[in-house]
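Each chain is listed here by its residues.
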Amino acid sequence: MPLYHKQGKIPQKRHTIFKKPDGTLHYEQLFGTIGFDGMSSLMYHLHRPTQIKEVGASIDISPKAAVEHNIKSRLLKGFQVQPVDDYLESRVTVLFNNDVHVGLAAPKKSMTTYFYKNTDADELLFIHKGTGTLKTMLGEIPFDYGDYLVIPRGMIYQIHFDTEENRLLVTESYHPIYTPKRYRNYFGQHLEHSPFCERDFKLPENLQSYDEKGEFLMKVKKQGQLHHLTYATHPFDVVGWDGYNFPYGFSIHNFEPITGRVHQPPPVHQTFETSAFVVCSFVPRMYDYHPQSIPAPYNHSNIDSDEVLYYVDGDFMSRKSIDQGYISLHPAGIPHGPHPGTYEASIGKTKTEELAVMIDTFKPLKLTQAALDIDDGKYYKSWME
Ligand SMILES: [Fe+2]
């Protein structure tokens with residue numbers, strides 16, 4: 001996150017004596033990415049953050065390819081993924097490559113008996129249904145329908161839901177997730193032509209620090225394994241921190257669409273970037289206002305990227321038979337475009353209510369068996385007249 005934030009109590013100067021009321025020292029930890037070159041935060045713990053009491057079982061949760069080389073356009077019915085009590089067990093990877101894993105989740109219960117961190121990947125959670133609070137070692141972020149939650153790798157968190165009705169799109173990125181560079185100035189500030197700015201971000205707040213010793217289960221995702229560790233102190237024992245590396249939220253409803261007289265290309269919808277894929281937000285907006293404009297997109301060949309569209313709400317102008325929670329996959333190598341009739345039908349329309357998240361990956365995606373289980377199987381023929 002290219003802005004400075006702090007919570008709690010910190011010493012005036014870094015790497016100096018910072019005592020607790022009883023005269024003993026706090027324990028400083030640098031939490032950074034890209035070696036010592038990326039964004040980092042400095043946090044102050046009540047206890048040494050290095051106290052691992054025991055290392056238990058490791059479970060292989062790496063996705064397995066059911067389709068290694070996909071050339072078919074696909075339509076996955078995302079809401080057919082069944083609700084599961086546990087948050088981690090509810091996460092079902094459907095599409096993946098070495099850069100990114102895309103999954104669906106319908107967790108019913110909050111995480112209360114363990115803590116979790118993904119040490120390989122930044123996580124981008126999109127909240128399609130449900131409300132709650134993301135609790136992290138750096139503070140809390142309340143979330144709501146339409147929120148993206150960006151959780152940097154290594155961030156210890158729990159997710160608490162208000163009800164059992166939750167639907168999430170889960171993206172794990174093996175490259176850091178940033179806002180688009182072209183929208184930021186040399187100092188990282190979002191520029192005037194950016195479709196969102198710093199005011200739109202939900203930053204960690206309400207830092208809670210727990211001074212507890214005991215046994216705390218920490219599930220660590222690393223190299224496709226879910227390792228079970230026992231920490232000797234409460235993982236949320238930070239009394240203060242400052243810096244640039246922290247989780248944050250951003251509501252898709254705060255994305256201000258960029259429109260034009262004629263059809264604007266997908267990059268105007270871009271919300272996040274990585275070195276291996278981009279994330280775009282398609283939001284309700286006015287259609288193109290040239291008198292001869294065709295609002296529906298032209299056919300296009302995404303030669304360099306697989307295109308994943310997750311449908312959230314509203315009518316999707318260029319698609320037929322699309323419902324909430326569906327995922328379309330348009331693989332690189334073959335053109336795609338509006339369905340028959342939708343191109344013509346879009347002429348004269350003045351606005352759209354569509355809401356969708358797009359993930360364009362620069363390398364082809366593989367499909368898991370879980371994806372095939374919810375694949376409609378005939379979507380690739382749906383452009384036939
Ligand atoms: Fe497309």
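Residues numbered from 1 in each chain as written. Predicted model: local features only at pLDDT ≥ 70, side-chain atom pairs only at ≥ 80, totals over all residues. Heavy atoms only, no water.

### Focus: the layout of surface pockets
Threshold: Cavity means a closed set of points on a 1 Å grid over the protein atoms alone, one where a 1.4 Å probe fits but cannot get out, pocket means an open set with protein on both sides within 12 Å along at least 5 of 7 lines, and lining means a residue has an atom within 4 Å of a point. Grid points are joined across faces, edges and corners, and a volume is the space filled by probe spheres set on the points. The secondary structure listing takes helices from DSSP runs of H or I that are at least 4 residues long and strands from runs of E that are at least 2 residues long, numbered from the N terminus. Residues were grouped as follows: Ala, Val, Leu, Ile, Met, Phe, Trp, Tyr, Cys and Pro as nonpolar; Asp, Glu, Lys and Arg as charged; and all remaining residues, including Gly, as polar.
Roughly 470 Å³ of volume is contained in the largest pocket. As for the largest pocket, its lining consists of 24 residues, and the residues nearest its centre are Ile61, Leu88, Arg91, Val92 and Thr93. Elements supplying a minimum of two residues to the lining of the largest pocket: α1 (87-90), β6 (92-96), β7 (100-105), β14 (167-173), β16 (213-222) and β17 (225-233). A per-element tally of the lining of the largest pocket places β7 first, with four residues. By residue class, the composition of the lining of the largest pocket is 11 nonpolar, six polar and seven charged.

### Here we look at the packing of aromatic side chains
Operational definition: Any two rings among Phe, Tyr and Trp, with Trp reduced to its six-membered ring, count as a pair given centres within 6.5 Å; such a pair is stacked if its planes are under 30 degrees apart, edge-to-face if over 60, and tilted if neither. The buried label applies to any residue whose accessible area, calculated with a 1.4 Å probe on protein chains only, is under 20% of its type's maximum; exposed applies above 50%, and partly exposed to all values in between. Geometrically, a charge over a ring is one whose NZ (Lys) or CZ (Arg) sits within 6 Å of the ring centre while staying within 35 degrees of the ring normal.
Tallying each qualifying case throughout the model produces 18 aromatic pairs. With centroids separated by 6.5 Å and ring planes inclined at 70°, the aromatic side chains of Phe126 and Tyr310 adopt a geometry described as edge-to-face. Placement of the pair is Phe126 in strand β9 (residues 122-129) and Tyr310 in strand β23 (residues 306-313), with a sequence separation of 184 residues. Residue Tyr310 is classed as buried on the basis of its relative accessible area of 1%. Here Phe196 and Phe201 contribute two aromatic rings whose centre-to-centre distance is 6.0 Å and whose plane-to-plane angle is 65°, an arrangement assigned as edge-to-face. On the basis of relative accessibility, which here comes to 3%, the residue Phe196 falls in the buried class. Phe201 gets classed as buried once you look at its relative accessible area, which sits at 8%. Lying across the ring of Tyr183, Arg182 places its NZ or CZ 4.6 Å from the centre.

### Some details on the state of the cysteines
Put simply, the rule is: When the sulfur atoms of two cysteines come within 2.5 Å, that pair is taken as a disulfide.
Throughout the structure, instances matching the rule amount to zero disulfides. The thiol of Cys197 is unpaired, and the distance to the nearest cysteine sulfur, on Cys280, comes to 19 Å. Overall, Cys197 belongs to the partly exposed group, its relative accessible area being 27%.

### Examining empty space enclosed by the protein
On inspection of all chains with the given rule, the structure shows four cavities of 30 Å³ or more. By volume, the second largest cavity is sized at about 80 Å³. Along the walls of the second largest cavity sit 12 residues, with His263, Gln264, His269, Arg285 and Asp288 positioned nearest its centre. Partitioning the lining of the second largest cavity into residue classes produces six nonpolar, four polar and two charged.

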